[in-house]
Amino acid sequence: MSDAAIHDEHHDHHPYGGMTRWLTTTNHKDIGTMYLVFALIMFFIGGAMAMVIRLELFQPGLQFVDPVFFNSMTTMHALVMIFGAVMPAWTGFANWLIPMMIGAPDMALPRLNNWSFWILPFAFTLLLSTLFMPGGGPAGGWTMYPPLVLQTGAAFPFLIFSIHFMGASSIAGAINIIATVFNLRAPGMTLMKLPLFVWTWIITAFLLIASMPVLAGAVTMLLTDKFFGTAFFSAAGGGDPVMFQHIFWFFGHPEVYILILPAFGIASAIIPTFARKPLFGYASMVYAAASIAFLSFIVWAHHMFTVGMPLAGELFFMYATVLIAVPTGVKVFNWVATMWQSSMTFETPMLFAIAFVVLFTIGGFSGLMLGVTPIDFQYQDTYFVVAHFHYVLVTGAIFSIMAGTYFWLPKWTGHMYDEGLGKLHFWLSTISVNVLFFPQHFLGLAGMPRRIPDYAVQFADWNMVSSIGGFVFGGSQILFLVVIVKCVRGGQKATDRVWEGAHGLEWTLPSPPPYHSFSTPPAPATIEGGMR
Amino acid sequence: MDTGVSTRKLVTKLSLLVLVMFGFGYALVPLYNTLCTVTGLNGKTGRLSEATAAAMPKDDTRLITVEFVTNVNSGMPWRFKPLVTRIAVHPGVETAVDFEVMNTSSDAITGQAVPSLAPNEVARYFSKTECFCFTQQTLAAGETRRMPVRFIVNPKIPAHVDVLTLSYTFFRAAAQVTAATPTVKSVPNS
Ligand code: HEM
Ligand SMILES: [Cu+2]
């Protein structure tokens, strides 16, 4: 992606050329680029699976694929999007941006960085290859509940090991990011001067370190239950399948914040830039992110209100869940307050950031509804849940990834992207994503279950609308690819600051930045001047 | 600069945290089981000795209905039913009921029955002195067996509860489960 950066004459000293260079690179920008390209590829693979799902659901009845394959599509789509697209995209942003934002030459552990990336293609080859195995890919849902998941065919050990690898990769990435921010900050870059993207990533990294090992444990228990005669989740042997749900969601809820916290950081970088005003309530943003992270560890059972918990448990998890709305509300309030009475312009990154604020909030509201126990009794396992998590993940996480891509692409490549195409991509995506997911609220309220290949005829109309939205949204993403490729290959030369209102150390470097970011730390005055 | 040293220290600490959290995942297993036993969560019922049961005070003023439900886990060729489906008992009085199970296949099969009591939160007031679920049951091909359960309801059971449902599910014994778990489509052993 960053050919321009690669051939930048004055700072170009990587020892190998060609493929060997990418295999052995320890440079944060090279690795960031590989993460981002990998995430983009996975986004299209996961997207193709989503197209299969929406195609089958276009009409009632079984038309195109058989039910087991359909189920493996929903399972793989989720795994690929969560672990293959969103998480690597965030690590890619972190690699590219954090050293530049804190005035460091590179990441603290460059060799580990290389490893954590290269584990990923390996993990996903394992996972995707299961689609071609006898019995097909895993089809029990991304949540891998036993005993169903134990009926997976030859794919089962591949599923488990690929999750181990993905976990190892993201834990290594997280350790690296914490070490970089704690030890390589330029003199004068105090913690409360860090850009919010760096802050949210630090918190994300701690979430990763605390939650991914628990997932690793849970899937290891599944593995030994299936092959080595343990009975963690088998009732016959004294175990309990419900316990898997507790362990899984102890990981799972922090995981959803791993997916969204860096998005908060991106919105907090973009909105002040185009509003030409400092971010409203910087400190409260930091505290809000930290309290969200803390709360995310004590709400897991809101995913299992219907398994039959004692009343006290239902109440505790309901109150804790609804409490998360408070720090989340603080953040939304601060973004809106930043835009309030500002002189805004609406370039593509800002458009995506505003859409993020509005649409993520809709997802937050449906989350609140689901967080109320008696209401969840009705909505659990319906399309309402599907609508909820797609609002927070697609129009939340993915939209902010797109906003961030448009925002920093000129910095990364040294070229401006095509603003016209970018805006077209934005409007097509934003309209179609709502056509795609908003009707799913209605379907859920009317009782359509999730994860089914066929449905009762009364759900036909909204499913057709949703599928049409899906095809348009899927198609629009080709535009995203076109914009990126065009921008990498050339275009109007970008200035160093790129955006008139941009603040932060990365904008003091040339576009594209030199191979090693800050070989000598920036002067304290630059840090002050770069901050707002 | 000392960044190298402090980075190494930090990385060691963080890696330790990773290990601790991996262990924590496993620690959740005993934690969960203890919590379930203490609270009766997930309907696990207790076991009492005959002596303790006999010593329990009786309450002739209350009658509690106990219902029996039976299930056989999917893919297990057994037939399983309660011979009494509901019975009214006084708290503190030990009562016996019978269940019948039949192996309809042409192989010997070992099964394990797993009990669960609803409502869950009063499970700890329900105890058994004898149950076929205390041990595994092996049935020869075509064999039918009558199996007793002796239970007692603790008189301290909250006043608002007047119906209890005890359900049993027969599973293949754990050692046989892995071998016999059905797999999707035709996968040669997995
Ligand atoms: C105010 C904030 C939020 C609240 C109160 C909330 C609440 C909930 C609840 C109660 C459920 C379970 C619904 C059910 O299965 O019956 C749920 C599901 C889900 N939420 Fe949220 N949520 C919030 C934010 C988020 C965010 C920020 C994300 C991710 C970026 C997210 C991702 C998900 C996902 C992926 C599921 C479905 C998991 C599955 O069953 O496959 N949520 N949410
Ligand atoms: Cu959750």
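Residues numbered from 1 in each chain as written. Chains lettered and ligands numbered in written order. Predicted model: local features only at pLDDT ≥ 70, side-chain atom pairs only at ≥ 80, totals over all residues. Heavy atoms only, no water.

## Some points on the overall build of chain A
Piece 1. The helix and strand inventory of chain A stands at 17 helices and zero strands.
Piece 2. With respect to the principal axes defined by its C-alpha atoms, chain A has extents near 65 × 50 × 45 Å.
Piece 3. Put simply, chain A has 532 residues, and 63% of those count as buried.
Piece 4. Sequence-distant contacts, at least 24 apart, represent 82% of the contacts inside chain A between residues at least 6 apart.
Piece 5. When the accessible surface of chain A is totalled, it reaches about 18100 Å², and 73% of it is carbon and sulfur.
Piece 6. With 19 positive and 23 negative side-chain charges, chain A shows a spacing of 8 Å between the two charge centroids. (Helix = DSSP H or I, 4+ residues; strand = E, 2+ residues; numbered from the N terminus. Buried < 20%, exposed > 50% of the residue type's maximum accessible area, 1.4 Å probe, protein only. Contact = heavy atoms within 4.5 Å. Areas by Shrake-Rupley, 256 points an atom, 1.4 Å probe, with all protein chains shown as cover. Lys, Arg positive; Asp, Glu negative; His and termini not counted. Charge placed at Lys NZ, Arg CZ, Asp CG, Glu CD.)

## What to know about helix α7 (residues 196-227) of chain A
Residue and element names in this part refer to chain A.
Piece 1. For α7, spanning 32 residues, the distance from its first C-alpha to its last is 45 Å, which sits close to the expected 46 Å at 1.5 Å a residue.
Piece 2. L208 marks the point of greatest bend in α7, at about 25°.
Piece 3. Counted residue by residue, α7 has 30 buried out of 32 residues, so it is predominantly covered.
Piece 4. Immediately downstream of α7, the backbone of G229 shows phi near 75°, a positive value. (Expected span 1.5 Å × (residues − 1). Bend = angle between axes of the 7 residues up to and from the residue.)

## What to know about the coordination of the iron atom of ligand 1
Residues and elements named next belong to chain A.
Piece 1. Looking at the iron atom of ligand 1, one finds just one donor atom contributed by the protein, H388 (NE2), at 2.1 Å.
Piece 2. In this structure, the iron atom of ligand 1 lies 4.5 Å away from the copper ion (ligand 2).
Piece 3. Relative to the assigned elements, H388 resides in helix α14 (residues 383-413). (Donors = N, O, S within 2.8 Å, 3.2 Å for Na, K, Ca; no water.)

## Some remarks on the environment of F442 of chain A
All names here are of chain A.
Piece 1. In this fold, F442 is placed in helix α15 (residues 419-445).
Piece 2. According to the relative accessible area criterion, F442 is partly exposed, its value standing at 34%.
Piece 3. Sequence separation between F442 and F459 is 17 residues; the distance between their C-alpha atoms is 9.2 Å.

## Remarks on the side chain of H390 of chain A
Residue and element names in this part refer to chain A.
Piece 1. Secondary-structure assignment places H390 in helix α14.
Piece 2. When its relative accessible area of 14% is taken as the criterion, H390 is described as buried.
Piece 3. Separated by 2.8 Å, the side chain of H390 and the backbone oxygen of V386 make a polar contact.
Piece 4. Other than its neighbours up to four places away in sequence, H390 contacts H77, T395 and F437. (Polar contact = N/O pair within 3.5 Å; in protein donor to acceptor, adjacent residues only side chain to side chain.)

## Quick notes on the site of ligand 1
Residues and elements named next belong to chain A.
Piece 1. With respect to spatial proximity, 22 residues lie near ligand 1, and among them W142, D376, H388, F389 and R450 are the closest.
Piece 2. The contact in question runs from an oxygen atom of ligand 1 to an N or O atom on the side chain of D376, over 2.5 Å.
Piece 3. In the model, a nitrogen atom of ligand 1 is placed 2.9 Å from a nitrogen or oxygen of the H388 side chain.
Piece 4. No other element matches helix α12 (residues 348-371), which puts six residues into the shell around ligand 1.
Piece 5. Taken together, the residues of the shell around ligand 1 break down into twelve nonpolar, eight polar and two charged. (Near = heavy atom within 4 Å. Nonpolar A, V, L, I, M, F, W, Y, C, P; charged D, E, K, R; others polar.)

## A word on the interface of chain A and chain B
Piece 1. Listed by partner, the interface residues are 43 residues for chain A and 34 residues for chain B.
Piece 2. Carbon and sulfur atoms supply 76% of the area buried between chain A and chain B, which totals about 3200 Å² over both sides.
Piece 3. On the chain A side of the contact with chain B, Q151, N183 and A236 of chain A bury the most area, a combined 17% of that side's loss.
Piece 4. Our count for the contact surface shared by chain A and chain B stands at zero salt bridges.
Piece 5. Scanning the region where chain A abuts chain B turns up three residue pairs in polar contact (both at pLDDT 80 or more).
Piece 6. When contributions to the side of chain A that touches chain B are tallied by element, the ones reaching two or more residues are α6 (155-183), α7 and α8 (241-275) of chain A.
Piece 7. When its residues are assigned to classes, the side of chain A that touches chain B shows 28 nonpolar, eleven polar and four charged. (Buried area = accessible area lost by both parts, 1.4 Å probe. Salt bridge = Lys/Arg side-chain N within 4 Å of Asp/Glu carboxyl O.)

## Some points on the sheet that holds strand β4 (residues 86-89) of chain B
Residue and element names in this part refer to chain B.
Piece 1. Pairing is mixed across the open sheet formed by five strands, whose spatial order is β4-β2-β10-β6-β8. Edge positions in the open sheet fall to β4 and β8 (137-139), since each of these has one partner strand only. Taking each pair of neighbouring strands and ignoring which way they run, the sheet shows an average axis angle of 30°.
Piece 2. Strand direction decides the pairing type here: strand β2 (residues 64-72) and strand β10 (residues 163-172), joined by eight bridges, are parallel. (Pairing = 2+ DSSP bridges. Axes fitted to C-alpha atoms, helices over the stretch in contact; angles between N-to-C directions.)

## Comments concerning the sheet that holds strand β1 (residues 46-47) of chain B
All names here are of chain B.
Piece 1. Taken in spatial order, the five strands line up as β1-β7-β9-β5-β3 in an open sheet, and their pairing is mixed. Each of the sheet's edge strands pairs with one partner strand only, and the pair in question is β1 and β3 (78-82).
Piece 2. In the sheet, strand β5 (residues 95-103) pairs with strand β9 (residues 144-153) via eight bridges, with the strands oriented antiparallel. In the sheet register, M102 faces β9, and the bridge partner there is T144.

## Observations concerning the nonpolar core
Piece 1. Formed by 186 residues in total, the largest nonpolar core has its most connected members in F83, F93, F124, M144 and W335 of chain A.
Piece 2. Discounting chain neighbours no more than four positions away, the residues touching M144 of chain A are V149, L159, I163, L215, V219, L222, F244 and F248 of chain A. (Core = buried A, V, L, I, M, F, W, Y, C linked by side-chain atoms within 4.5 Å.)

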